Amino acid sequence: MRQNAEPLRQRVATERYRFGKETLDMLAKLKTYTLVGIEALPVEVEVDVSPAQMPSTVLVGLPDQAVRESTHRVARAIINSGFIRPFDRIVINLAPAEQPKQAASLDLPISLGILGASQQLDQESLSEFAVVGELSLQGDTRPAKGALSMAIRAAQDPSLRGILVPAASAAEAAVVEDINVIPIASLTQAVAFFSGQIDIPPAPSNLSQWFTRFSGYDFDYADVHGQEAAKRALTIAAAGMHNLLMLGPPGTGKTMLASRVPTIMPVLSPAESIETTRIYSAIGRLTPGQPLMATRPFRAPHHTISEAGLVGGGNPPAPGEISIAHNGVLFLDELPEFNRRTLEVLRQPLEDGTVTISRALRSTTFPAEFMLVTAMNPCPCGYRSDPRRSCSCNTLQIERYMGRISGPLLDRIDLHIEVAAVPYQDLAQSRAGLDSDQMRIEVENARTRQGERFTDSRTRCNGHMSSREIRSFCRLDDAGRKRLKNAVNELGLSARAHDKVLRVARTIADIEGKDDILAEHVDEAVNYRLLDRQKR
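In short, a report on the structure.

Let us look at the overall build of the chain. Looking only at helices and strands, the chain has 24 helices and 18 strands in total. Considered along the principal axes of its C-alpha atoms, the chain spans approximately 100 × 45 × 45 Å. When burial is assessed residue by residue, the chain has 52% of its 536 residues classed as buried. Counting only contacts in the chain whose residues sit at least 6 apart along the sequence, the fraction spanning at least 24 positions is 75%. Carbon and sulfur atoms provide 49% of the accessible area of the chain, an area that totals close to 24500 Å². For the chain, the distance from the average site of its 61 positive side-chain charges to the average site of its 63 negative ones is 5 Å.

Turning next to unusual backbone geometry. Between A95 and the following residue, P96, the backbone shows a cis peptide bond with an omega angle of 5°. Looking at the secondary structure, you find P96 in the loop between strand 4 (89-95) and helix 4 (107-117). A cis amide bond links N315 with the next residue in sequence, P316, at an omega value of 5°. Mapping P316 onto the fold places it in the loop between strand 12 (312-313) and strand 13 (318-319). Positive phi, close to 55°, is recorded for N206, a residue that is not glycine. Here N206 is to be found in the loop between helix 7 (187-194) and helix 8 (207-214). Of note in the backbone geometry, E334 takes a positive phi value of approximately 55° without being a glycine. Along the chain, E334 turns up in the loop between strand 14 (329-332) and helix 14 (340-344).

This part takes up the packing of aromatic side chains. As enumerated under the stated definition, the model contains 7 aromatic pairs in all. Arranged with centres 6.0 Å apart and planes meeting at 25°, the rings of W210 and F214 form a pair that is stacked. Of this pair, W210 and F214 both sit in helix 8, 4 residues apart, roughly one helical turn. Like W210, the residue F214 is buried in the burial classification. Between F298 and F331 the ring centres are 6.0 Å apart and the planes differ by 25°, which places this aromatic pair in the stacked class. Of the two residues, F298 is situated in strand 11 (residues 298-299) and F331 in strand 14; the sequence distance between them amounts to 33 residues. On the accessibility criterion, F331 (2% relative accessible area) is buried. These aromatic residues form a ring-pair network of at least three members: F129, F193 and F194. In this structure, R453 is placed above the aromatic ring of F454, and the distance from its NZ or CZ to the ring centre is 5.8 Å.

With that settled, consider the environment of P297. Looking at the element boundaries, P297 is found in the loop between helix 11 (270-282) and strand 11. Residue classification places P297 among the buried positions, given a relative accessible area of 3%. Separated by 21 residues in sequence, P297 and T276 have C-alpha atoms that sit 8.3 Å apart. If we skip the residues at most four places from it in the chain, P297 touches P262, T276, Y280, I324, A325, H326, N327, G328 and V329.

Moving on, we get to the pattern of salt bridges. Within this structure, the stated rule accounts for 28 salt bridges. Across the salt bridge formed by R142 and E134, the nearest N and O atoms sit 3.9 Å from each other. A residue is classified by how much of its surface remains accessible, and R142, at 40% relative accessible area, is partly exposed. Under the relative-accessibility criterion, E134 is labelled partly exposed at 21%.

This brings us to the layout of surface pockets. Over the atoms, a rolled probe matching the size of one water molecule traces out where space is still vacant. Roughly 670 Å³ of volume is contained in the largest pocket. Along its surface, the largest pocket is lined by 30 residues, and E351, D352, G353, E369 and H464 are the ones closest to its centre. Secondary structure elements with two or more residues in the lining of the largest pocket: helix 11, helix 15 (347-352) and helix 22 (495-511). Counted as a void, the second largest pocket has a volume near 350 Å³. Lining the second largest pocket are 17 residues, and of these L35, Q102, A103, K145 and A282 sit closest to its centre.

Here we come to the nonpolar core. Nonpolar side chains tend to gather and get buried jointly when the protein is soluble and globular. Among the nonpolar cores identified, the biggest contains 62 residues, and Y33, I163, I322, L330, L346 and F370 are the most heavily contacted of them. Of all the elements, helix 5 (residues 147-155) adds the most residues to this core, at 5 residues. Ignoring any residue separated from it by four or fewer positions in sequence, one finds I163 in contact with Y33, F129, A130, V132, M150, A151, A154, I179, N180, V181 and I182.

Calculation criteria
Residues numbered from 1 in each chain as written. Predicted model: local features only at pLDDT ≥ 70, side-chain atom pairs only at ≥ 80, totals over all residues. Heavy atoms only, no water. Helix = DSSP H or I, 4+ residues; strand = E, 2+ residues; numbered from the N terminus. Buried < 20%, exposed > 50% of the residue type's maximum accessible area, 1.4 Å probe, protein only. Contact = heavy atoms within 4.5 Å. Areas by Shrake-Rupley, 256 points an atom, 1.4 Å probe, with all protein chains shown as cover. Lys, Arg positive; Asp, Glu negative; His and termini not counted. Charge placed at Lys NZ, Arg CZ, Asp CG, Glu CD. Phe/Tyr/Trp six-rings, centres within 6.5 Å; stacked < 30°, edge-to-face > 60°. Lys NZ or Arg CZ within 6 Å of the ring centre and 35° of its normal. Salt bridge = Lys/Arg side-chain N within 4 Å of Asp/Glu carboxyl O. 1 Å grid on protein atoms, 1.4 Å probe; cavity = no way out; pocket = protein on both sides within 12 Å on 5 of 7 lines; lining within 4 Å. Points joined across faces, edges and corners; volume = space filled by probe spheres on them. Core = buried A, V, L, I, M, F, W, Y, C linked by side-chain atoms within 4.5 Å.

Next comes the structure, spelled out in structure tokens:
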């Protein structure tokens, strides 16, 4: 029987090939996207089906392991969705050939390409839509990482009417209002849509609705008792996007203070929200049911984190904690416990607001514009400045402990403050101190003044002023210059620390609504250089 079946199979394949050459188009093309970092790059999926004695699937175009494995998922998804997997040779080309292709979101376009090339799907409208989505073996779609970035890229292509995305990712992609986002629940539904059997309305944007629903915080500075001086410093830091270090014994509220910093920062603008959401979407960190980041990120990595975990890395490169904290707060608790080499890699991102991960074939740049808040104990045992506990550390131990943090890194931290133990009477009082709303009003007023100041510059906050902008916007009167000169001479401030004092003084003046930096503003800014003062 096998001897008779083989010539018959060959004759059938030959007849199909002849018939296809005469009347059928055996090649299908679709547009899709692959992620590189957080950017979506266009990919053209070409599927060719040709006669063969034995079925085979060839996938070319630098696919990664997840994409190579997709051929098995696609075959079962096609069959389990009620279609026929062609008993032919299938060649799938992912162009451009030199660009590596990643992630499983190519399942759906590959499946549709096979169905189109085998004449089970009308190809007429395939070129009008981009398609992304992972498939289950049953043919259902699964969420796609980076759907927002892909929708943004699709909106830039004038030849596209819309983009098909998994239904679970449609709300996220629909944030982009310039492109029709078609939610697809299964391969069967996608085929019916392209065949004109069903009409699927685009997913609504609901941008304002997501902001209203998800922009609130569950905590407030009103919960913090007895740390009004620290709240003042945090208000200044948030107003000018200044980096801050808190020094104090355990249990004084350093973590509590740091975790509430996002509540006093200005509400995310739509552009900032989309920028932040793209990062979370690319790494699959979006909360289910929340397609948009409407609050500022707060990240607090453990001190055992690696360099790649902090700044990003891997192959392909993925964003690290500093990029996940973009437009928000990065909190490093127990700062001296971090590996010194890990901390040193923060120096360049703190200056530039971006981080570039370089590999042999390509470089990937991630945004990393965050407010750095750090905390540490004054000594290894933690109780050097606590009047209620005795310190067991000697001078050498304290110097070795403080020496774990390099001078260049400390220079990049604008404010150093002491967070002292809170007396019982402050803890017991029922009257709350400053709450987040009051502090945020001061921050927003200062940010408004900064926005007016930097209208012709890429700078947005005082903490990011260049040296030229410092000379232009931080001019001092004679009394202010004298105070700053004395501080530089007495504390031995570096040139970078000198500029930090001027930036902080400018922010203090903005909070108080002053156009000029006064001597008292310089004094307060110098007082926030605690570690410089302790060295003298």
